[in-house]
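Take a look at the letters that make up each chain.
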Amino acid sequence: MSPQDQILVFGTFPGAIVHFDGDAFFASVEQAADPSLKGRPVVTGRERGIIACASYEAKALGVRRGISLRDARKICPQLVVLPSDYETYSLYSRRMFDIARRFTPIVEEYSIDEGFADIGGLRRVFHVSYQDIAKQIQNTVREELNLTVSIGLSLTKSLAKLASDFRKPAGFTAVAGMHLHLFLQRIPLDNVWGFGANTVQLLRKHGLKTAYDFILKPEAWAQKMLGKPGHEIWRELRGQTVWPVTTEEKSSYASISKCKTFSEPSADRDYICARLVRNLESAFIKVRRHKLRVREITVALRKDDYCQEGLRTALNRPTSSTQEALPLVLDLFGWLFRPDWKYRSTMVVLGRLEEDREEQYDLFEDRIRIEKLHKASAVMDEVNGQFGKHRLHIGTGQFLEMPRPSRDRDILPWRKTDLLKGETDRRRLALPRLKITV
Amino acid sequence: MKLKVEKAAVVEGLQKVLSIVSTRTTLPILSNVLLQAEGGKLHLTSTDLEVSVKTSVDASVSKKGGTTLPARRLASIIRELASHDVEITIEDKDTAVIQAGPSFFKLRGASEDDFPPLPKFEGSRAFTLKQGVFRDMLVKTSYAASTDETRYILNGVLLSFRDEKLTVVATDGRRLALVEQEVEFPKDSEGDLVIPTKTVNELIRTLQDDGSIRIQASANQVAFEFGDMLIISKLIEGAFPNFRQVIPSQAEQRVTIEREALMNAVRRVALLASEQASTVRLTFANNRLEITAETPDVGEARETLPVKFSAKEITVAFNPEFIVAPLKTLDSDEVFFEVTDALSPGVIKSNVPFLYVLMPMRIN
């Protein structure tokens, strides 16, 4: 038997995992909410000046995610450019996951537009094949939300994800155990979930081209070459479950990060610093909401040419106070910032998080000052809870209010301007709204 | 080089230098031990560039010379040998032949010229102490040193020679251990030395009960000479925090407690302290001390000790490890526990000049 014929898993579906992936999710949601956009090239991300998501119609004309609006409009003058409306996207997202949960309780919300569902053992409930159950999920999402999802069905999460990527949009790909060896021969290494450019380069040096070439290598080789993560991928690709579908909502964080791209690259020190401080404020608000504290802070600045520089520092006492971390972050900014460069985004990563419960006092610390800083953060949370996020902010935030060159930024999604009776610019009905008149 | 040594002696000698040899090092020669034979002695030296340790054992040297050999492999070979004496011969290119009775080993080494030389040392200040006393002072304090690299100045033990006294202090910022001893030294040798923890541990391991130790210090290095040993170490540079300032001058309550009873009770109760933030509560109430711990969804523990206490009830929470650590190293029957309130530091004292300050934990 040639290796091409070597069956990896006998049987069809010893486990059955569905990966569902919303096709061009943000743009598709816009089209679903406003039927007049159906069939037209739609992109979102107007407020950033960069395309966040392009509909399949736009993609067909050569407009991709990540290119600038100016370039996109050049390629396609009739492009519909919308500001991002995350509120509506998350409402649609929640409904998509709710539909999956009608079929099985084991649903993992991997991100806003994709998830996993474990449908193993459900055949006896639905009296149909796993393929048909997966198709029913796909059809229900299309009928109820007017959205298309691509579906991958296979033995493990890694395989299901590869399968859903295989045919898009509105694709359906089921890979049974006995067909695994044929499927993996058609998957280039770059497509494998978890393999970055470096890993792929390394594997290519050893003469591997496809996912199949990789799993034909001995288990010990994968372990030695790529360590634990690579070994886990090797097993997942062979149909052995390493990563179960986890239903828990993310409550424990390893880190919390905030990154915002400016509407227009800037060399203005005050403005860039203010953006960074705003990232810090947002990240710490999340830290406190989850009753956590921070032991490590990373700050990064990304330049106009997409090169990025960052610095990381460990704290000698964990904190949940923005005010306590601020001087440190300003120091890091001072080290990183170079006046002759233009920057396009700032990032703060709060790492080594732990629960903010018991606190060990320190002999050499200034207790009174620390208590004051924590009080300040608590008061700001309280005020902002009542009057809106960032209403009360650290003084550097004033530099954010300076006039900006781009007007695209100031355009709000229609959902925020076309309010229903009783809605405010901070509180709206948590229901997806269609832009139609009857 | 050709020599004959007693197996037991060379095993002991290697043991003294081996803990400095790191298993993972960027400089391969540092995983070797330097062997030098001359004048009836075999000198063994190891270094990690921060700390260097040199010791010697009696040997009958028939041809003097030197080489370096992989330290751990050499030690495990000699440890396993069956005969009383070991013969080590260096052939050309630093290959050693080790013979003992019927056993024959050939071990490839590296030239002694590649081994980093011991730092040239000119100490301007010198002190002489009793080995046993010095070791005892280190044992009673060093566990409190910090391992947090962000507080590098606390990653060691402070030797403060002032006012005809040696004060040894270690702290990680959350607890502080201090012992004091009167010592004679020239007035112009007064000053502070912060010794890295690795060096302190090496000293604790190799110091003997009897005999004296000579300490010589320069601005950034220190040398310890005792018995057959020479340890040269870098000093941690920087200003040690003002420890006197954090020692509470007066506590509200002083309670006498049996040392072992307290230690064992805290150990037992701590079995049910939560893993994330290990905490036990000490409640001093009417003639009793109640030690409690609880972990949600796991359970709780309580133990009561009889003590003399008649004031208003005080509850304070500590990391149990911080209570047990000093009690383990003390040898008195009783200790004095001083407390004020839930937010103020606790103090443990013993009748030897020992003092231990520990910060409480805030519990929600």
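Just above, that's the structure.
Caption draft 1: Summary view of the overall build of chain A. Per the secondary structure count, chain A includes 15 helices and 14 strands. In chain A, 65% of the contacts between residues at least 6 apart in sequence involve partners at least 24 apart.

Caption draft 2: Spotlight on the overall build of chain B. In terms of helices and strands, chain B carries six helices and 25 strands. Here chain B, with 364 residues, has 51% of them falling under the buried criterion. A fraction of 66% describes how many contacts in chain B between residues 6 or more apart in sequence connect residues 24 or more apart. For chain B, the computed accessible surface area is about 17,600 Å², with 45% contributed by carbon and sulfur atoms.

Caption draft 3: Seen up close, the packing of aromatic side chains. Per the stated rule, a full pass over the model turns up 25 aromatic pairs over all chains. Ring geometry for Phe262(A) versus Tyr271(A): centroids 5.4 Å apart, planes at 70°, classification edge-to-face. Owing to a relative accessible area of 2%, Phe262(A) belongs among the buried residues under this scheme. Looking at Tyr271(A), the relative accessible area reads 6%, which means it is buried. Look at Phe318(B) and Phe337(B): their rings are 6.1 Å apart centre to centre, the planes differ by 50°, and that puts the pair in the tilted class. Of the two residues, Phe318(B) is situated in strand β21 (residues 314-318) and Phe337(B) in strand β22 (residues 334-339); the sequence distance between them amounts to 19 residues. Considered together, Phe318(B) and Phe337(B) belong to a single accessibility category, that of buried residues. By the ring-pair criterion, three or more aromatic residues cluster together here, those being Phe25(A), Phe26(A), Tyr86(A) and Tyr89(A). Cation over ring: Lys135(A) sits above Phe172(A), and NZ or CZ is 4.9 Å from the ring centre.

Caption draft 4: A look at the sheet that holds strand β5 (residues 107-111) of chain A. All names here are of chain A. Spatially, β5-β6-β1-β7-β8 is the arrangement adopted by the five strands of the open sheet, whose pairing is mixed. Either end of the sheet is taken by a strand with one partner, and the two such strands are β5 and β8 (172-174). Neighbour-to-neighbour, the strand axes of the sheet open up by a mean angle of 15°, direction not taken into account. Packing against the sheet, helix α4 (residues 86-103) makes contact with β1 (17-22), β5, β6 (114-118) and β7 (149-154), and its axis sits at approximately 155° to β5. On top of the sheet, helix α6 (residues 130-145) reaches β1, β7 and β8; it is set at about 165° to β7, its chief contact.

Caption draft 5: Local environment of the interface of chain A and chain B. On the chain B side, the residues contacting the 13 residues of chain A number 25 residues. Both faces considered, chain A and chain B share a buried interface measuring about 1,800 Å² in area, 55% of it formed by carbon and sulfur atoms. Applying the counting rule to chain A against chain B returns three salt bridges. Where chain A packs against chain B, one counts six residue pairs in polar contact (both at pLDDT 80 or more). When its residues are assigned to classes, the side of chain A that touches chain B shows four nonpolar, two polar and seven charged.

Caption draft 6: Just the sheet that holds strand β24 (residues 354-358) of chain B, in detail. All names here are of chain B. In space, the eight strands of this open sheet follow the order β13-β10-β11-β12-β24-β23-β22-β17, with antiparallel pairing throughout. Strand pairing shows two members of the sheet lacking a second neighbour, β13 (191-196) and β17 (253-258), which therefore form its edges. With strand direction ignored, the average angle separating the axes of adjacent strands in the sheet is 20°. For strand β11 (residues 165-171) and strand β12 (residues 175-182), the ladder comprises seven bridges, and the chain directions are antiparallel.

Caption draft 7: The layout of surface pockets, seen in detail. Residue and element names in this part refer to chain A. There is about 560 Å³ of room inside the second largest pocket. Elements with a minimum of two residues in the lining of the second largest pocket: β10 (292-303), β11 (308-319) and β14 (359-360). At four residues, β11 tops the list of elements feeding residues into the lining of the second largest pocket. Residue composition of the lining of the second largest pocket, by class: six nonpolar, seven polar and 13 charged.

Caption draft 8: The side chain of Ser218(B), seen in detail. Tracing the backbone shows Ser218(B) in the loop between β14 (212-217) and β15 (221-226). Discounting chain neighbours no more than four positions away, the residues touching Ser218(B) are Phe121(B), Glu122(B), Gly123(B), Ser124(B), Arg125(B) and Leu235(B).

Caption draft 9: Here's a closer look at the environment of Gln240(A). Residue and element names in this part refer to chain A. Here glutamine 240 is to be found in the loop between α11 (219-237) and β9 (255-266). Judged by relative accessible area, which is 32%, glutamine 240 ranks as partly exposed. If near-sequence neighbours (up to four positions away) are discounted, glutamine 240 is found in contact with Thr156 and Arg235.

Caption draft 10: Structural context of the environment of Asn286(B). Residue and element names in this part refer to chain B. With respect to the element layout, asparagine 286 can be found in the loop between β18 (280-285) and β19 (288-295). Among the residues examined, asparagine 286 registers a relative accessible area of 58% and is labelled exposed. C-alpha separation for the pair asparagine 286 and valine 307, spaced 21 residues apart in sequence, amounts to 8.5 Å.

Caption draft 11: Just empty space enclosed by the protein, in detail. All names here are of chain A. Within this structure, the stated rule accounts for one cavity of 30 Å³ or more. Considered as a void within the structure, the largest cavity measures approximately 70 Å³ in volume. Glu281, Ile285, Arg288, Thr322, Gln323, Ser377, Met380, Asp381, Asn384, His390 and Leu392 are the residues that line the largest cavity. Those elements that place two or more of their residues in the lining of the largest cavity are α12 (269-289), α13 (322-336) and α14 (367-387). Ranked by residue count, the leading element in the lining of the largest cavity is α14, at four residues. Broken down by class, the residue content of the lining of the largest cavity amounts to three nonpolar, five polar and three charged.

Caption draft 12: Looking closely at α11(A). Residue and element names in this part refer to chain A. With 19 residues, α11 should reach 27 Å at 1.5 Å per residue; the first-to-last C-alpha distance of 12 Å falls well below that figure. The largest bend in α11 is about 135°, located at glycine 227, with the proline proline 229 one to four residues further on. Trp221, Ala222, Leu226, Gly230, His231, Glu232, Ile233, Trp234, Glu236 and Leu237 are the residues of α11 that are buried. Elements in contact with the buried residues of α11: α7 (157-166), α8 (180-184), α9 (197-205) and α10 (211-216). In the segment just after α11, glycine 239 is the residue with positive phi, at about 90°.

Cut-offs applied
- Residues numbered from 1 in each chain as written.
- Chains lettered and ligands numbered in written order.
- Predicted model: local features only at pLDDT ≥ 70, side-chain atom pairs only at ≥ 80, totals over all residues.
- Heavy atoms only, no water.
- Helix = DSSP H or I, 4+ residues; strand = E, 2+ residues; numbered from the N terminus.
- Contact = heavy atoms within 4.5 Å.
- Buried < 20%, exposed > 50% of the residue type's maximum accessible area, 1.4 Å probe, protein only.
- Areas by Shrake-Rupley, 256 points an atom, 1.4 Å probe, with all protein chains shown as cover.
- Phe/Tyr/Trp six-rings, centres within 6.5 Å; stacked < 30°, edge-to-face > 60°.
- Lys NZ or Arg CZ within 6 Å of the ring centre and 35° of its normal.
- Pairing = 2+ DSSP bridges.
- Axes fitted to C-alpha atoms, helices over the stretch in contact; angles between N-to-C directions.
- Buried area = accessible area lost by both parts, 1.4 Å probe.
- Salt bridge = Lys/Arg side-chain N within 4 Å of Asp/Glu carboxyl O.
- Polar contact = N/O pair within 3.5 Å; in protein donor to acceptor, adjacent residues only side chain to side chain.
- Nonpolar A, V, L, I, M, F, W, Y, C, P; charged D, E, K, R; others polar.
- 1 Å grid on protein atoms, 1.4 Å probe; cavity = no way out; pocket = protein on both sides within 12 Å on 5 of 7 lines; lining within 4 Å.
- Points joined across faces, edges and corners; volume = space filled by probe spheres on them.
- Expected span 1.5 Å × (residues − 1).
- Bend = angle between axes of the 7 residues up to and from the residue.

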